Amino acid sequence: MGAGTDDSPSWTAAPSAAERARSVLAAAWSCAVTADGGREELVGAHTVTEDGRVLLDVPDDSALLAAAICAPRGEPSAVLEFADVSPVPVRNRIRARMWLAGWFAPEDDRLAFTATRIVLRQQSGAVVVDLDEFAAAAPDPLAGAEARLLTHLADCHADAVERLTRLVEPDSLHGAVKVQPVAVDRHGLTLRIERVRAHGDVRLAFHRPADDVAQLTERMHVLLGQAASASCPRALQRQRTDGDG
């Protein structure tokens, strides 16, 4: 075994809550803002600073401007909500939701939002994200390319996805009618296993992190090589109908 946990065959690292939250922010295109009793849906209006502050470009007539100017500085005055949506059509496409409570302050011609509480809810449950860890964390290096990578894998390499099911415990495939790639990050690939009336996710960990698309390609080839040498599970009970999923 080489030095460090990355070389361990049993390595199953996953993003921390803070890293996952930063990735949701980096990939999200829209957000909902609740402030001063009102709610606004903003599309393509936010950017994120290196330390995790959210900068919003809002219209001049936005009620958020008045709320930011009138609210006592430092007091929670708004909640931002972001949704992380699977780019591949699957059941329950929302993979995570994130809420940031905090306060706005005018900064140049934008509103700068400082969070005082961050909650991330995934399928595994909701967690409160440590603010210092959130400020220090970086988005997953594949977050910006994830949508393109997953849709390409689903649309053009369905045969590879099916081969990867050889790495899934047979019990998890019982009654499966469809398997789709639902998430990928530097640590691994997640498959959504859909049954007639239920679904579940299975994570296939990479043998070491992938910090760019070239490294991801190599990690995927390793997984496919492992799948080729694995025993073949019972074939999927394919019930392919247009309405399935």
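The preceding data block contains the structure.
Here, residues in each chain are numbered from 1, in the same order as that chain's written sequence. The predicted nature of this model means local features are confined to residues of pLDDT at least 70 and side-chain atom pairs, given and counted, to a pLDDT of 80 or more, with totals for whole chains, interfaces and linings taken over all residues. Excluding hydrogens and water, the side-chain values take into account all heavy atoms of the structure.

A few points about the overall build of the protein chain
Right, so step 1: Comment: elements are numbered from the N terminus, with helices defined as DSSP H or I runs of at least four residues and strands as E runs of at least two. A tally of helices and strands in the protein chain yields 6 helices and 11 strands.
Right, so step 2: Accessibility here uses a 1.4 Å probe with only protein chains present; expressed as a share of the type maximum, an area under 20% marks a residue as buried, one over 50% as exposed, and anything in between as partly exposed. Here the protein chain, with 245 residues, has 42% of them falling under the buried criterion.
Right, so step 3: For the protein chain, the proportion of contacts with a sequence separation of at least 24, taken over those separated by at least 6, is 55%.
Right, so step 4: The accessible surface values rely on the Shrake-Rupley method and a 1.4 Å probe; as for residues, cover is taken only from the protein chains in view. Carbon and sulfur atoms make up 51% of the accessible area of the protein chain, which amounts to about 12900 Å² in all. We call two residues in contact whenever any of their non-hydrogen atoms come within 4.5 Å of each other.

Considerations on the nonpolar core
Right, so step 1: Residues belong to a common nonpolar core when they are buried Ala, Val, Leu, Ile, Met, Phe, Trp, Tyr or Cys residues joined through side-chain atoms within 4.5 Å. Within the largest apolar cluster, 31 residues are counted, with the highest numbers of intra-cluster contacts made by Leu56, Phe82, Met98, Leu100 and Phe104.
Right, so step 2: Residue assignment for this core shows that the elements contributing at least two residues are helix 1 (17-27), strand 1 (30-35), strand 4 (54-56), helix 2 (63-70), strand 5 (78-85), strand 6 (94-107) and strand 7 (110-122).
Right, so step 3: Sort the elements by how many residues they give to this core and strand 7 lands first, with 5 residues.
Right, so step 4: For Phe104, the residues in contact, after removing those within four places along its chain, are Val33, Leu56, Leu64, Ala68, Ser77, Ala78, Leu80, Leu111, Ala112 and Phe113.
Right, so step 5: In this structure, Ala160, Leu173, Val179 and Val182 belong to the second largest nonpolar core, which totals 29 residues.

Digging into the layout of surface pockets
Right, so step 1: Approximately 580 Å³ is the volume attributed to the largest pocket.
Right, so step 2: For the largest pocket, the lining is made up of 26 residues, of which Arg20, Gln122, Ala183, Thr190 and Arg203 are closest to its centre.
Right, so step 3: Looking at the lining of the largest pocket, the elements with two or more residues in it are helix 1, strand 6, strand 9 (178-185), strand 10 (188-194) and strand 11 (199-205). Here a cavity means grid points, on a 1 Å grid over the protein atoms only, where a 1.4 Å probe fits yet cannot get out; a pocket means an open set of points with protein on both sides within 12 Å along at least five of seven lines; lining residues are those with an atom within 4 Å of a point. Grid points are joined across faces, edges and corners, and a volume is the space filled by probe spheres set on the points.

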